[in-house]
Structure formats: C-alpha cells, structure tokens
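# Observations on chain architecture
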Amino acid sequence: MDYFCMIQYTEDQGRSLGLSGWVKNTRQGTVIGQIQGHPDRVNDMKLWLKNVGSPSSRIDRTVFSNERDISKLEIHGFSTRY
C-alpha cells in the first residue's frame, strides 16, 4: 500500500469535513492520527477511515481509542506529521 497516498487522502477528507487533527505513518506500516470537531463529522470521518480510505488502501482493521468530549478545539487545521 502507498502509505503517503493514504495519509494525503485522510488529510483531504478531514479538511473536507471541516475537522481539525493530524495523521502520521508509523514504522509498523500503519496510519495513526487524531481528529477533533463536531461529533457528527467525527463519526463521518471514522466511517470513512473504517470503510473507504484511499483508493489504493487495504483496511485490515481500525481502532479508535482515547475518545472524549472536548469543549473547544485543541488542534487547529488538519495536517500530516512526520
């Protein structure tokens, strides 16, 4: 899988949904990140990550952890971390 492609599509999808957050490739060949925004949009993003991804991705498993409600955004914009 082209991991750069996946993170670029993820960043684009996050921005298109009006979310804030980041995405990063890991050394284990997975993608990690954090998303913040309106709960409905966060759920839309989670469904996209679980079921769609980039055109060249193979999604074996998705894990969402450390979920919590926040009163205001802690991250502004959506970016790729290296």
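The structure reproduced in this document is the subject of the present report. (Residues numbered from 1 in each chain as written. Predicted model: local features only at pLDDT ≥ 70, side-chain atom pairs only at ≥ 80, totals over all residues. Heavy atoms only, no water.)

## Here we look at the nonpolar core
The criterion, for reference: In this text, buried Ala, Val, Leu, Ile, Met, Phe, Trp, Tyr and Cys residues form a nonpolar core when linked through side-chain atoms within 4.5 Å. Classification of residues uses two cut-offs on accessible area relative to the type maximum, computed with a 1.4 Å probe and protein chains only: under 20% is buried, over 50% is exposed, and between them is partly exposed. Numbering of helices and strands runs from the N terminus; a helix is a DSSP stretch of H or I covering at least four residues, while a strand is a stretch of E covering at least two. It only takes one pair of heavy atoms within 4.5 Å for two residues to be counted as in contact.
Ranked by size, the top nonpolar core spans 10 residues in total: Met6, Ile7, Leu17, Leu19, Val23, Val42, Met45, Trp48, Leu49 and Phe78. When residues in this core are grouped by element, the largest group, 4 residues, is from helix 2 (residues 39-51). Each residue touching methionine 45, except ones within four places of it in the same chain, is listed here: Thr10, Gln13, Gly14, Leu17, Leu19, Ile35 and Phe78.

## Topic: the side chain of serine 54
Topologically, serine 54 is positioned in the loop between helix 2 and strand 3 (78-80). Contact partners of serine 54, with chain neighbours within four places excluded, come to Cys5, Met6, Tyr9 and Trp48.

## With respect to the pattern of salt bridges
Stated formally: For salt bridges, the criterion is a side-chain nitrogen of Lys or Arg within 4 Å of an Asp or Glu carboxyl oxygen.
Per the counting criterion, the structure on display carries 5 salt bridges. The shortest N-O distance in the salt bridge between arginine 15 and glutamate 11 comes to 2.8 Å. With a gap of 4 residues between them, arginine 15 and glutamate 11 both fall in helix 1 (residues 3-16), about one helical turn apart. By relative accessible area, which is 49% here, arginine 15 ends up partly exposed. Overall, the relative accessible area of 8% leaves glutamate 11 in the buried class. For glutamate 67, the salt bridge identified is with lysine 46, shortest N-O distance 2.8 Å. Note that glutamate 67 is positioned in the loop between helix 2 and strand 3 and lysine 46 in helix 2, a separation of 21 residues in sequence. For lysine 46, a relative accessible area of 15% puts it in the buried group.

## Here we look at the side chain of threonine 80
Rules: N or O atoms closer than or at 3.5 Å make up a polar contact, with two conditions inside protein: a donor-capable atom paired with an acceptor-capable one, and, for residues adjacent in sequence, both atoms drawn from side chains.
Along the chain, threonine 80 falls in strand 3. Given a relative accessible area of 17%, threonine 80 falls into the buried group. A distance of 2.3 Å separates a polar atom in the side chain of threonine 80 from a polar atom in the side chain of glutamate 11.

## Describing the sheet that holds strand 3
Put simply, the rule reads: One requirement defines pairing of two strands: DSSP has to find at least two bridges between them. Interaxial angle, 0 to 180 degrees, is taken between N-to-C directions of lines fitted to C-alpha atoms, where a helix line uses only the stretch in contact.
The strand order 2-1-3 describes an open sheet built from 3 strands, whose pairing is mixed. The open sheet is flanked by strand 2 (31-36) and strand 3, the only strands paired with a single partner. Neighbouring strand axes in the sheet, compared pairwise and without regard to direction, differ in orientation by 10 degrees on average. Where strand 1 (residues 20-25) lies against strand 3, 3 bridges are found, and the strand directions are parallel. The residue of strand 3 that forms the bridge with valine 23 is threonine 80.

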